[in-house]
There are 2 protein chains.
Amino acid sequence: MSENLIGVDIGGTKILMAVTDTNGTVKKRVEVPTTDDTPGEILLKICSVITSFGRCRSVGVGIAGDVDSERGILRFSPNLQKWRNVNIKKFIERNTKIPTCVENDANCAAYGSYVIDGRRKYKNFVTITLGTGVGGGIIIDGEIYRGSTGTAGEIGHITINPSGPRCGCGNRGCLEAYIGTHGIKNIAKQLGFKADKVTPATIAAAAQKGDRTALSVYKKVSEYLAVGVGSIINILNPDMISFAGGVANNFYFIEEHFRRELAHHSFKTPLKHVKIVRTKNIKNLGVIGAALIFPKEPGSHA
Amino acid sequence: MSENLIGVDIGGTKILMAVTDTNGTVKKRVEVPTTDDTPGEILLKICSVITSFGRCRSVGVGIAGDVDSERGILRFSPNLQKWRNVNIKKFIERNTKIPTCVENDANCAAYGSYVIDGRRKYKNFVTITLGTGVGGGIIIDGEIYRGSTGTAGEIGHITINPSGPRCGCGNRGCLEAYIGTHGIKNIAKQLGFKADKVTPATIAAAAQKGDRTALSVYKKVSEYLAVGVGSIINILNPDMISFAGGVANNFYFIEEHFRRELAHHSFKTPLKHVKIVRTKNIKNLGVIGAALIFPKEPGSHA
């Protein structure tokens, strides 16, 4: 049987499709914009790309939102308004005859990182995505941990200060409220960072040039991040934690202070044990993870 | 084979031993004080009680501290200074010829609650012990989740406010620093609670009589507890959370406000799903859990 795996990462603005081997090495890669077409039309296009990839063992689809991974149904997605209760698995299997599974995108990223960054050796594994929002995925004993209703791993919504800033979710003081894009902008403004437009990109560019205010923004970010990650270490005692997402591109601004701060917020034994890394492949992590999630024995997934 | 299980709960002040059935119903129960004797002397006494219990399938030992549960060794215990690297499993098996396993006491409590309170139906399960300290144990897919170095479940050491009060662990603003015994006393003093001695017991007694200050202490406690539990729900998305430990005796002072607050700190779907209960058997939870932890197939544990 072919060891080629297909990954599909359906995002709000683009769809990535790739062929990888079982270690997550990308062999082919196709990117198309996400259009305003119906889910059926978009899925048909995806199927035609899948077919063009030739013989493959499986298809894994990653998508943001509430996914019923046992049945392969996307119940709801915040980024794709038209997609409601779409049986992605059934659609792709009918049209391509290739066994398919569907998974939440944060879980795909975690599984991809578990394979690429941890080489399947670090069995209890957490990936934290630092982007517009702060997300996460948990691997327990080498398998995606979805929790009881599929919403586990919402690491961005740990409360790190109940009287902190309002979060998009309605709560106060979530980790995401501090270090999601919106939170970082607020920190920058509070610290008096000046730029035509205050964005993670302009802050990063300024820090690159040694701008002190920009660097102090990262210092604050690393402190908040350490509070959240410290709790994760004390609760989950994982083997490895990896960072993904856009902000992780600038992990070198954060890393040193983050590690120092982390020692204040987590127990010594689990802290000494856990390896903390930035993922090696930020750009393709989602699509690679999607390709890899398919279980080794087709059919064992349901 | 006999379905009688023996549990041993070795605490800093007393040792509980019990015979239970596989549903955790206690058939016999013996309590002896923990003496200052050597571990060997104490374990010999335990073995003689075990032998007096008659024919039993297994022995499970629960003990506070750093336990290597695969090998049955207590590496270190904060309550039992003389106990260092004691192979409890080997000692008991040699002296009683009954297969034995050893587990951290918080994990025993969680497993006991999983069986007694959840009847093994709520597969992803968290127990939070509210006592001098705040501890926890996690059950994932029906099995104790120990993490990678055996320290998972330190729910008392989630940081709920990085500029909060100093915790015994050295960190600031841990959940335990707010609602462990010491934290509760501080809240009571801050709110002006008056008593000869400010203890959880005097606060509970006053609350029982309708004392407003005492009730407001519980209100604060429930707010802090909700922050920590909200994060647990968002990270782990469990089926059930149970409360154990002394303070849980007064859960009815906390419950209503706690549930209201919890809605602010956790996502709707996992909150709606999770059942939150006080354990039915606070007094014997540790020893029952210890009895129940032994795996169904003797020998499958190592």
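Numbering of residues starts from 1 in every chain and runs along the sequence as written. Whichever chain is written first becomes A and whichever ligand is written first becomes 1, with later ones labelled in order. At least 70 in pLDDT is required for a residue's local features to be given in this predicted model, at least 80 for side-chain atom pairs to be given and counted, and no such filter applies to totals for whole chains, interfaces and linings, which use all residues.

**What about the relation of the copies chain B and chain A?**
Definition in use: Here the copies were fitted onto each other by least squares, based on C-alpha atoms from residues at pLDDT of at least 70 in both. In this description, any two residues whose backbone-derived C-beta atoms lie within 7 Å of each other are considered to be in contact.
The two copies are related by a screw operation: chain B maps onto chain A through 180° of rotation and 0.0 Å of translation along the axis, at an RMSD of 0.0 Å. Both copies are brought into coincidence by an operation consistent with a two-fold rotation axis. A share of 100% of interface residues in chain B that are also interface residues in chain A marks the association as one of identical surfaces.

**With respect to the domain arrangement of chain A**
Accessible area lost during the coming together of the parts is what is often quoted as the interface size. Residues and elements named next belong to chain A. Short version of the rule: Residue ranges assigned to the domains are those given by an automatic or database domain assignment. Put simply, DSSP marks the helices as runs of H or I at least four residues long and the strands as runs of E at least two long, and each gets a number from the N terminus on. Any residue outside Ala, Val, Leu, Ile, Met, Phe, Trp, Tyr, Cys, Pro, Asp, Glu, Lys and Arg is labelled polar, Gly included; the first ten of those are nonpolar and the last four are charged.
Examined at the domain level, chain A breaks down into domain 1 (5–108 + 284–292) and domain 2 (119–278). On a C-alpha basis, the centres of domain 1 and domain 2 stand 27 Å from each other. Counting from both sides, the interface comprises eight residues of domain 1 and, opposite them, nine residues of domain 2. For the side of domain 1 that touches domain 2, the element with the highest residue contribution is strand β5 (residues 66–68), accounting for three residues. Grouping the amino acids of the side of domain 1 that touches domain 2 by side-chain chemistry returns three nonpolar, three polar and two charged.

**Things to note about the interface of chain B and chain A**
Facing the 34 residues of chain B at the interface are 34 residues of chain A. Taken together, the elements giving at least two residues each to the side of chain B that touches chain A come down to α7 (212–236), α8 (251–265) and α9 (268–273) of chain B. When its residues are assigned to classes, the side of chain B that touches chain A shows 14 nonpolar, 18 polar and two charged.

**Concerning the sheet that holds strand β12 (residues 240–244) of chain A**
Residues and elements named next belong to chain A. For clarity, the threshold we go by: Here, any two strands with at least 2 DSSP bridges between them count as paired. Geometry is summarised by axes, namely lines fitted to C-alpha atoms with helices restricted to the contacting stretch, and by angles between N-to-C directions that run from 0 to 180 degrees.
Spatially, β11-β10-β9-β12-β13 is the arrangement adopted by the five strands of the open sheet, whose pairing is mixed. Each having just a single partner strand, β11 (143–145) and β13 (275–278) make up the two edges of the open sheet. Neighbour-to-neighbour, the strand axes of this sheet turn through a mean angle of 25°, independent of strand direction. When strand β10 (residues 134–140) meets β11, the two strands line up antiparallel, connected through three bridges. Bridge assignment links Ile140 to a residue of β11, and that residue is Glu143.

**Some details on unusual backbone geometry**
Short version of the rule: With C-beta atoms placed from the backbone, a residue counts as buried when 20 or more other C-beta atoms lie within 10 Å of its own, as exposed when 12 or fewer do, and as partly exposed for counts between those limits.
The backbone of Asn85 of chain A sits at a positive phi, close to 50°, despite the residue not being glycine. Relative to the elements of secondary structure, Asn85 of chain A occurs in strand β7 (residues 84–87). What makes Asn85 of chain A exposed here is the crowd of 11 C-beta atoms within 10 Å. Positive phi values are uncommon outside glycine, yet Arg120 of chain B reaches one of about 60°. Relative to the helices and strands, Arg120 of chain B is located in the loop between α3 (105–116) and β9 (125–130).

**Some remarks on α3 of chain B**
Residue and element names in this part refer to chain B. Going by this rule: Every helix has an expected span of 1.5 Å times one less than the residues it contains.
Counted at 1.5 Å a residue, the expected span for α3 with its 12 residues is 16 Å, and the 16 Å between its end C-alpha atoms agrees. Of all 12 residues that make up α3, 12 are buried, and the element is covered over most of its length. Looking only at α3, the buried set comprises Asp105, Ala106, Asn107, Cys108, Ala109, Ala110, Tyr111, Gly112, Ser113, Tyr114, Val115 and Ile116.

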